[in-house]
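Analysis of the macromolecular model
Now for the letters of each chain:
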Amino acid sequence: MKTTIKSHIIALKLLIIVFFILLSACEENLINEYQLFVIPKGEHYCNYKVEALQENELSFMAILDSTMTYTSVEPINQHDINKLYGFSDCNDQHHENSARFGWRWLNDTMEIHAYFYQNGIRSSILLGSVALNEPHFYSINLLPNVYSFQLDDNPPVMVDRMNSCDKGFYYKLFPYFGGDERAPHDIVIRIKEL
Amino acid sequence: MKIASTLYLVFAFIIGQAQNIELDIQRQKTIGGVEYGANVLIAKGNVAIGYSIQDSKRKATEYSDFNHRFQGMILKLPIRACENLSLFFMPRIGFVAEQFFVVLPELKLYLPLIRNIDLNLGSGIRYGQPSFSLGLSYSPKKR
């Protein structure tokens, strides 16, 4: 009986070891897939997640599809900028100092904006437009005194970074609908961090 | 100064209470590539605290100042500790690139290989995605 248990334990150990060796060896990297973010109808936020930025560049590919087109109830709200992806600056709330990409569906065009807070003051700069259902490249570089936004091969757009803190918690900011209004239908966004 | 003194006293107390020391090396496969790390832990019973360092094989180039070196504190908290197989929760708290504060949770399975040496197999979160690690642990005093 004791021998049987011992052999079972050895077999279990071998199985676990082989399983982890297979996972940990072979391919150099784990496969980086597109992550799906869904903002449900009637909501502002997508699936809840907390994640820290871990390098001074946030680069990603994103696919925006027809679910991201919408008509606002109040026509003036069509000009509101929705948020795509970005981060809050060192130890600051995102309404104090942060850098994100924003998007809005305006005049049948998907506009992409640099959307940022500088010491509590919100600003945005139109970076360009993107085609639906196609992957596009987005990048925010966190430099000592500036945020550098880049969309596809367009020249980078630099904005002043007001936060002088260096060491701390930089949390990522995930897709958000609004503005004033909530998502009129389910909105699906695919993002793959590079 | 007060914080430093308090930390010093806490660590001095822990070291004074310590019954064992443990050295780990590990290879972690992450979404950002393979990383190699080492931990030095001081333990009392099955609970341990220590210093952890982990770095990537990828190096800075003229186009990118790639730096994903993690340095910080590691805790080893038992979930189930048995003679043949032990499971620990081993969160690491520290900084990446000496700038970005992170908490890296990981579950690790310890399997005794030979006297004083365990094989450890881990699964955790790195760069917000699942990661897998494989390593060896050396402890002069066997549990």
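Quick summary incoming for the structure in this document. (Residues numbered from 1 in each chain as written. Chains lettered and ligands numbered in written order. Predicted model: local features only at pLDDT ≥ 70, side-chain atom pairs only at ≥ 80, totals over all residues. Heavy atoms only, no water.)

Next up on the list: the sheet that holds strand E2 (residues 57-64) of chain A. All names here are of chain A. A sheet is described by the order of its strands in space; here six strands give the open sequence E1-E11-E2-E7-E8-E9, paired in antiparallel fashion. Edge positions in the sheet fall to strand E1 (35-39) and strand E9 (157-160), since each of these pairs with one other strand and no more. Put simply, the sheet's adjacent strands are angled 25° from each other on average, direction ignored. Here E2 pairs with strand E7 (residues 135-142) via seven bridges, running antiparallel. Within E7, the residue paired with Phe60 across the bridge is Tyr138. (Pairing = 2+ DSSP bridges. Helix = DSSP H or I, 4+ residues; strand = E, 2+ residues; numbered from the N terminus. Axes fitted to C-alpha atoms, helices over the stretch in contact; angles between N-to-C directions.)

Another aspect to go through is the pairing of strand E11 (residues 187-193) of chain A. All names here are of chain A. Inspection of the sheet shows E1 paired to E11 by five bridges, in the antiparallel sense. The residue of E11 that forms the bridge with Phe37 is Ile189. Where E2 meets E11, five bridges bridge the pair, whose relative direction is antiparallel. Note that in E11 the partner of Phe60 across the bridge is Glu193.

What follows deals with the interface of chain B and chain A. Every contact between the two is made by 35 residues of chain B and, on the other side, 31 residues of chain A. Both sides of the chain B and chain A interface together cover about 2,800 Å² of buried area, and 60% of this is carbon and sulfur. For the chain B face of the interface with chain A, the top three residues by lost area are B:Lys29, B:Gln99 and B:Phe100, together amounting to 23%. Here chain B and chain A share zero salt bridges between them. At the junction of chain B with chain A, the criterion picks out seven residue pairs in polar contact (both at pLDDT 80 or more). Listed by contribution, the elements that provide at least two residues to the side of chain B that touches chain A are strand E1 (20-30), strand E2 (33-44), strand E6 (92-96), strand E7 (100-104), strand E8 (106-114), strand E9 (117-126) and strand E10 (129-138) of chain B. Looking at the side of chain B that touches chain A element by element, the count peaks at six residues for E10(B). Residues belonging to the side of chain B that touches chain A are distributed by class as follows: 18 nonpolar, 11 polar and six charged. (Contact = heavy atoms within 4.5 Å. Buried area = accessible area lost by both parts, 1.4 Å probe. Salt bridge = Lys/Arg side-chain N within 4 Å of Asp/Glu carboxyl O. Polar contact = N/O pair within 3.5 Å; in protein donor to acceptor, adjacent residues only side chain to side chain. Nonpolar A, V, L, I, M, F, W, Y, C, P; charged D, E, K, R; others polar.)

Our next topic: the state of the cysteines. Residues and elements named next belong to chain A. Enumeration over the complete set of coordinates arrives at one disulfide over all chains. Here Cys90 is linked by a disulfide to Cys165, with a sulfur-sulfur distance of 1.9 Å. Of this pair, Cys90 sits in the loop between strand E3 (82-88) and strand E4 (98-106) while Cys165 sits in the loop between E9 and strand E10 (172-173); the two residues are 75 residues apart in sequence, bridging distant segments of the chain. Given a relative accessible area of 24%, Cys165 falls into the partly exposed group. (Disulfide = S-S within 2.5 Å. Buried < 20%, exposed > 50% of the residue type's maximum accessible area, 1.4 Å probe, protein only.)

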